[in-house]
Amino acid sequence: MDKTVRLTAAQAMTRWLSVQMTEENTRFIDGVWAIFGHGNVAGLGEALQGMGDALPTWRGQNEQTMAHAAIAFAKGHARRRAQAVTTSIGPGATNVVTAAALAHVNRLPLLIIAGDVFANRRPDPVLQQIEDFDDGTVSANDCFRPVSRYFDRITRPEHLLSALPRAMRVMTDPANCGPVTLAFCQDVQAEAFDWPESFFAPRVWRIRRPEPDAQELDEVAELIRAAKAPVIIAGGGVIHSGAEQALADFATCHNIPVIETQAGKSALAQAHPMNFGAAGVDGSAAANAAAEAADLVIAVGTRLQDFTTGSRTLFGDARIVAINVQAYDAAKHGATSLVADARVALERLTGLLDGYRAMSADAEARAAWLRAVDAHCAAPGAGNDLPTDAQVIGAVQRATGQDAIAMCAAGTMPGALKLLWQPSQGGYHMEYGFSCMGYEIAGAMGLKLARPDREVICFVGDGSYMMANSELATAVMRRVPFTVVLTDNRGYGCINRLQQGCGGEEFNNLYKDCNVEAQPQIDYVAHAGSMGAHAVKAASIADLEAQIAAARGRDIPTVIVIDTTPVPGPGFGDAGHWWDVAVPAVGRSDKLQQAHAAYLSNLAHQRLVN
């Protein structure tokens, strides 16, 4: 009979997590972000304190941003490692719901250990308890159900014997990877149980590489052989699979241009001759021209979101092949599915293509796009005009080396960076599945923890910065250095432009158009400095370049604030593609009526096959 050890449920959980290993012999759960309150301080708090460095605990400033840091860490490790977040019950738990949705959309592992009400119900209603008048089993943590890949409520200690392995299975499953929520009743955390010692034996979790079905593989190979002008869409699944070299080899061998999603950008270095740049709404002229001319679209590791497909207007009548480890994604848009690991699928396809090469890619279109990028990112001449976002990106690009990673999440910069940033392999980190304002600062910290060997540049607008910035203080305390480029356009410039593009008037986005008694005078330098960051105001594009270089020697975050114009968008010339944002059918202005007429015209070009 197996020997047992008597531990509380919380002690058993933390001990078990500390011995779940990767193939590289590191902990899969790197550590636990924690803000303690009633619901986790007595049980989990005591257990984590006892673990010490075997499962380290870090204190953050906000539950949502702690989870953002954990998500960025997992993304920085291409899903091969993760972190956990523990919260109290009530608002501490529900603060993490947004982050759980972010991890769910982006298919990233995150372990959420949320304190819950008493399983024994003796003190009901306990402080912060949600009461459903018709359902005695409901708690605030039920909010996590639609945004978790696996949800469990631990109401007895022995539930952990099955719940914990199930949680790890989900987080290490390439097809079903996502956030796991374990709602841990606070009285159960403190209850003792005699655990089998074998439960705590170290275990290695291997991330499988599913092989393609032979019939699907033959069908896709036949479609590629018959295509004259195919194009590849590289999605985040390429990076999760570690298929970067396989993609480069496949594109080169078969002469197929590659266009990128936000998650897939930097899978192929920008300097690679088959990289035609960003696809779709925020895409390059070269990429979108290749997509429009394609007779076959080979989507690799992408969920084909509307920004990638131009809201289903970009690919015309081209056939779509979807290579994806998740069958749900591989079947979208009426695609011919190849359900498999991206790296394996590309390698197997090359073996069946018998020297196939597509017609010559339009190298001049690619060169023209890169010349346009250089022109728009060039330093401004003499004058008093505020710099554009493109000029800010150009300055950062010139001031950094090949090891730099540009990261962002929401607002103007995601589209501008996707179009203009020219990364080396792995030099781009964008959260655009959920496009969550407030991810940036915490995400930069999590990314730097994952990639201490790379220079991390966090682009954030003043709007996103105001939503969530407090993990700057955490990064200072933990001595995690990264550089924040804070572009101040005095409001929500991106949505202000969208508002006007949809026929509306400027309203409630830029501070100048808001219902306020006085215009704000926010000193971002003083604010960031008050949390211990090194903070400066860049007087010009040239000064921004100098401040980027100066930040490299510091062991704390650097925040560089620069005023920018809110007027121009990131696109230029014939770059970009239509995005379906519904325009009111009835309105007062001629501008709105014209916008609605244009909207109806574009709707007529949408593919309707699902």
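Residues numbered from 1 in each chain as written. Predicted model: local features only at pLDDT ≥ 70, side-chain atom pairs only at ≥ 80, totals over all residues. Heavy atoms only, no water.

### Quick word on the sheet that holds strand E8 (residues 179–185)
Next up, step 1: As summarised here, the arrangement of the six strands in space is E4-E3-E5-E6-E8-E7, forming an open sheet in which the pairing is parallel. Each end of this open sheet is capped by a strand with a single partner; those strands are strand E4 (57–59) and strand E7 (150–154). Going across the sheet, the axis of each strand differs from the next one's by a mean of 20°, ignoring polarity.
Next up, step 2: Looking at chain direction, strand E3 (residues 29–34) and strand E5 (residues 82–87) are connected through four bridges and run parallel. (Pairing = 2+ DSSP bridges. Helix = DSSP H or I, 4+ residues; strand = E, 2+ residues; numbered from the N terminus. Axes fitted to C-alpha atoms, helices over the stretch in contact; angles between N-to-C directions.)

### A short note on the environment of Val-188
Next up, step 1: Mapped onto the secondary structure, Val-188 falls in helix H7 (residues 186–189).
Next up, step 2: A relative accessible area of 0% places Val-188 in the buried class.
Next up, step 3: Once the C-alpha coordinates of Val-188 and Gly-136 are considered, the two residues, 52 residues apart in sequence, prove to be 18 Å apart. (Buried < 20%, exposed > 50% of the residue type's maximum accessible area, 1.4 Å probe, protein only.)

### Concerning helix H1 (residues 9–17)
Next up, step 1: Burial runs high along H1: seven of the nine residues are buried.
Next up, step 2: Residues Ala-9, Ala-10, Ala-12, Met-13, Thr-14, Trp-16 and Leu-17 constitute the buried set of H1.

### Let's talk about the environment of Ala-10
Next up, step 1: For Ala-10, the location among the structural elements is in helix H1.
Next up, step 2: Between the C-alpha atom of Ala-10 and that of Glu-46, which follows or precedes it by 36 residues, the distance is 8.2 Å.
Next up, step 3: Beyond its immediate chain neighbours, meaning those up to four positions away, Ala-10 contacts Gly-43, Leu-44, Ala-47, Phe-184 and Gln-189. (Contact = heavy atoms within 4.5 Å.)

### Considering the packing of H1 against helix H6 (residues 160–171)
Next up, step 1: Interhelical geometry of H1 versus H6 gives an angle of 35° and a closest axis separation of 11 Å. Considering the relative orientation of H1 and H6, their crossing is right-handed. The residues of H6 that touch H1, namely those facing Ala-9, Met-13, Trp-16 and Leu-17, are Leu-160, Leu-164, Pro-165 and Met-168.
Next up, step 2: Across the contact of H1 with H6, the residue classes tally to eight nonpolar, no polar and no charged. (Left-handed = near helix turned anticlockwise from the far one by under 90°. Nonpolar A, V, L, I, M, F, W, Y, C, P; charged D, E, K, R; others polar.)

### Comments concerning the pairing of strand E17 (residues 404–408)
A regular strand places its side chains on the two faces of the sheet in alternate fashion.
Next up, step 1: Among the five residues that make up E17, five are buried, leaving the element largely enclosed by the rest of the structure.
Next up, step 2: Going residue by residue along E17, you find Ala-404, Ala-406 and Cys-408 tucked away on one face and Ile-405 and Met-407 tucked away on the opposite face as well.
Next up, step 3: As paired elements, E17 and strand E19 (residues 455–461) share four bridges and run parallel to each other. The residue of E19 that forms the bridge with Ala-404 is Glu-455.
Next up, step 4: Of the pairings in the sheet, the one linking E17 to strand E18 (residues 428–430) comprises three bridges and is parallel in character. Bridge pairing in E18 places Met-407 opposite His-429.
Next up, step 5: Between the parallel elements E17 and E18, the chain passes through helix H17 (residues 412–420) in a crossover that is right-handed. (Right-handed = clockwise from strand over helix to strand, strands pointing away.)

Geometry only, nothing functional implied.
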